[in-house]
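# Observations on the model geometry
Next come the chains, spelled out residue by residue.
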Amino acid sequence: MTRAPRYVLNEQVGFVLRQVYQRHTMLFSETMGGALTHTQWAVISKLSEIGPCSQNLLGRHTAMDAATVKGVVDRLLKRGLVLTEPDPNDGRRILVALTDEGERIADLNAARALDVSEATLAPLSQDERDQLMVLLAKLR
């Protein structure tokens, strides 16, 4: 009788990715000082990168479902970091843009966010970092 393959949790890609993500999240919280969540930073940094866009497109760009991106945008609205308005070309769509304060927060935190990526990847050489990013992109 053939024995089923042994499942070793520590050897599973999902488990290892979760551990790396947990470490990254801890570094993010320590570096950003709790002022922004990962999802809030994702929205702010993406809007800073691409400019105003529909809430739907923003969700796709930040890998968030519609409900999640709406909640994040609502919280950022309350903080005065983004503004929303109907799309002049399609009244069914909501456009999201950074306010001046949102732009200031984006500029202020960009270097910190880069420091988080640097700290996350610190154990790797530059070649290993490049290879990791290529391999992760293949898994998307």
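Check the entry above for the structure.
The following paragraphs examine the structure supplied in this document. (Residues numbered from 1 in each chain as written. Predicted model: local features only at pLDDT ≥ 70, side-chain atom pairs only at ≥ 80, totals over all residues. Heavy atoms only, no water.)

Here is the key point about a regular strand: its side chains alternate between the two faces of the sheet. When strand β2 (residues 82-87) meets strand β3 (residues 90-98), the two strands line up antiparallel, connected through six bridges. The partner of valine 82 across the bridge, within β3, is leucine 98. Hairpin remark: β2 followed by β3, antiparallel, with two residues in the connecting loop. (Pairing = 2+ DSSP bridges. Helix = DSSP H or I, 4+ residues; strand = E, 2+ residues; numbered from the N terminus.)

To continue, consider the layout of surface pockets. Put simply, the largest pocket is a space of about 1400 Å³. The wall of the largest pocket is formed by 31 residues, among which Tyr21, His24, Ser117, Met133 and Leu136 lie closest to the centre. Put simply, the parts of the chain that give the lining of the largest pocket at least two residues each are α1 (13-32), α2 (38-50), α5 (100-121) and α6 (126-139). Take the lining of the largest pocket: its biggest share by element is nine residues, from α1. Looking at the lining of the largest pocket residue by residue, the class counts come to 19 nonpolar, eight polar and four charged. (1 Å grid on protein atoms, 1.4 Å probe; cavity = no way out; pocket = protein on both sides within 12 Å on 5 of 7 lines; lining within 4 Å. Points joined across faces, edges and corners; volume = space filled by probe spheres on them. Nonpolar A, V, L, I, M, F, W, Y, C, P; charged D, E, K, R; others polar.)

What follows is about the sheet that holds β3. Across the sheet, three strands lie side by side as β1-β3-β2; this open sheet has antiparallel pairing. Pairing within the sheet leaves two strands with one partner each, and these edge strands are β1 (53-54) and β2. Sheet topology note: the β1/β3 ladder contains two bridges and is antiparallel. The residue bridging cysteine 53 from the neighbouring strand is valine 96, located in β3. Most of the contacts of α2 go to β3, to which it runs at about 100°, and overall it touches β1, β2 and β3. Contacts between helix α4 (residues 66-78) and the sheet are confined to β2 and β3, with β2 contributing the most and set at about 120° to the helix. (Contact = heavy atoms within 4.5 Å. Axes fitted to C-alpha atoms, helices over the stretch in contact; angles between N-to-C directions.)

Checked against the element boundaries, threonine 99 lands in the loop between β3 and α5. The residues touching threonine 99, leaving out its near neighbours within four places in the chain, are Gly80, Leu81, Val82 and Leu83.

Trans is the common state for peptide bonds, and a negative phi is the common state for residues other than glycine. At alanine 63, a residue that is not glycine, the phi angle is positive and equals roughly 55°. In this fold, alanine 63 is placed in the loop between α3 (55-61) and α4.

Here we come to the nonpolar core. Counting 23 residues, the largest nonpolar core has Val43, Ile44, Leu47 and Leu58 as the members making the most contacts within it. Put simply, the parts of the chain that give this core at least two residues each are α1, α2, α4, β3 and α5. Beyond its immediate chain neighbours, meaning those up to four positions away, leucine 58 contacts Val43, Lys46, Leu47, Cys53, Val69, Val73 and Val96. (Core = buried A, V, L, I, M, F, W, Y, C linked by side-chain atoms within 4.5 Å. Buried < 20%, exposed > 50% of the residue type's maximum accessible area, 1.4 Å probe, protein only.)

Turning our attention to the pattern of salt bridges. Counted by the stated rule, this structure contains six salt bridges. The partner of aspartate 74 in a salt bridge is lysine 70, with the nearest N and O atoms 2.8 Å apart. Pair noted here: aspartate 74 and lysine 70 are both in helix α4, with a separation of four residues, about one helical turn. Exposure remark for aspartate 74: the relative accessible area of 28% places this residue in the partly exposed category. Taking relative accessible area as the criterion, lysine 70 reaches 42% and is therefore assigned partly exposed. Arginine 104 is the partner of glutamate 101 in a salt bridge, and the nearest nitrogen-oxygen pair spans 2.8 Å. (Salt bridge = Lys/Arg side-chain N within 4 Å of Asp/Glu carboxyl O.)

Attention now goes to the environment of threonine 39. As for its position among the elements, threonine 39 is in helix α2. Ignoring sequence-local partners within four residues, the contact set of threonine 39 consists of Met64 and Val72. Of the polar contacts made by the side chain of threonine 39, one reaches the side chain of threonine 37; its length is 3.1 Å. (Polar contact = N/O pair within 3.5 Å; in protein donor to acceptor, adjacent residues only side chain to side chain.)

Without other data, these values stay purely geometric and don't point to any function.
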